[in-house]
Amino acid sequence: MSVAGGAAPLRRPLRIGVIATMVTGVLLLLCCTGGTAAFFLSGLGGDAENGDTLADRGCGPVRPVNVAGELPRFTEYGDAQVRNAAIIIKVGQDLGVPSRGWVIALATAMQESALRNLANSDVPASLALPHEGVGADHDSLGLFQQRPGWGSVAERMTPAYTARKFYEKLVKVRGWQRRPLTVVAQQVQISAYPDAYAKHEELASKLVDALAGGAARTVEINGKAVCDAAEHGQIAASGWTAPIPGRVGSGFRTASRPGHDGVDIGAAKGTEIRAAAAGRVLVSTCDEDYRNRQDCDVDGFPGKKGCGWYVDLLHAGGSITRYCHMVVQPFVKVHQMVAAGEVIGKVGSSGNSSGPHLHFEVHLRNNRNASGAVNPVPFMRQRGAPLRDAE
């Protein structure tokens, strides 16, 4: 459910008329003419390409979305839902909204309607319009569950219109490209469940990558979408950034170090370490040595136990990042919420370390143990925040 008043136009002209007409035609075919139209629009019954495969192909150039063409398949969503996602991205492209906005818009619609254009049993007029399900949340309608302040019944049941209204309000949120997705989405939607949006960020990024040529891996630099360049605090559309710029030395679980559950990134002592994505601090402490001492305010040495000063962050989707060997006590505390790119500490050599560097780990499925660790190099590359010189 979302409530809004009027919104001022974006800086550039809104080319929404043609889109709305085309999209309405598509939805009329999908919703009102049955299986034949769905068969035609899905590529004459042919097998569409797997969305996960497309999402993993790489980045650039950003591809304009064709909402009437064949679209990839996703196990999480049906064809009509993927087409609605394409409409949302297409409207964002035509309005000139950076790709981070497409990810936020998709994640919001995933939470509000599961990417279905919902009528409402309490709004009889909506039941006579093309729809893909019936909701009953107050008088909310459409992909973004917008209430009467957003427009008429017919407007709120038109996906292109609702997407445009969402973007118009999104770009007015101060610092929206850098702030956590759930915070920005809540400022637009004013939802009763403000923390629910973040869990969709990962899949929303995959949809954007598959439908728009890896666009979730881009960062806006001087008004242009640049692939795989999210470092120095710049945030990719996926919501991720490299924790420090630098060269990867010791890799993940190499033959010589099979128990090395992360990668070591060389950097000068005192280099700022940034949160790789928005999240909540799980751990911020000095790791004990073999004598059970918290001895982190001095340089460590090879064979000394532990991470030294370190931080664990929990991110949307259950991924966890770890940052080890800080030079001083971390700048964040347990339970604190941090934004992507926020400085959380500085590079040092505390703990089991032979010199200044950042030991960086990624864990999946809320598992902080070794069994949950994955190679950070491909993980970060897929999010447009590659760890340099690691290929």
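A brief report on the enclosed structure follows. (Residues numbered from 1 in each chain as written. Predicted model: local features only at pLDDT ≥ 70, side-chain atom pairs only at ≥ 80, totals over all residues. Heavy atoms only, no water.)

A separate point is unusual backbone geometry. Each neighbour pair has its own omega, and for G60 with P61 the value is -10 degrees, a cis peptide bond. The residue P61 is located in the loop between α3 (51-55) and α4 (79-95) in this model. Unusually for a residue other than glycine, N222 sits at a positive phi of about 55 degrees. Mapping N222 onto the fold places it in the loop between β3 (218-221) and β4 (224-227). A positive phi angle is found at D228, which is not glycine, with a value near 50 degrees. (Helix = DSSP H or I, 4+ residues; strand = E, 2+ residues; numbered from the N terminus.)

Attention shifts here to the state of the cysteines. Counting across every chain of the model gives 3 disulfides. With its sulfur 2.1 Å from that of its partner, C59 forms a disulfide with C227. Here C59 and C227 share a disulfide; its torsion about the S-S bond, -75 degrees, makes the bridge left-handed. One end of the pair, C59, is in the loop between α3 and α4; the other, C227, is in strand β4, with 168 residues separating them in the sequence. Look at C227 and you get partly exposed, because its relative accessible area is 27%. (Disulfide = S-S within 2.5 Å. Buried < 20%, exposed > 50% of the residue type's maximum accessible area, 1.4 Å probe, protein only.)

What follows covers the packing of α4 against helix α5 (residues 99-113). Where α4 meets α5, the closest approach of the two axes is 9 Å, and the angle between their N-to-C directions is 145 degrees. In this structure, the crossing between α4 and α5 has a hand that is right-handed. Across from A85, I88, I89, G92 and Q93 in α4, the residues of α5 making contact are W102, A105, L106 and A109. Considered class by class, the residues forming the contact of α4 with α5 number 7 nonpolar, 2 polar and no charged. (Axes fitted to C-alpha atoms, helices over the stretch in contact; angles between N-to-C directions. Left-handed = near helix turned anticlockwise from the far one by under 90°. Contact = heavy atoms within 4.5 Å. Nonpolar A, V, L, I, M, F, W, Y, C, P; charged D, E, K, R; others polar.)

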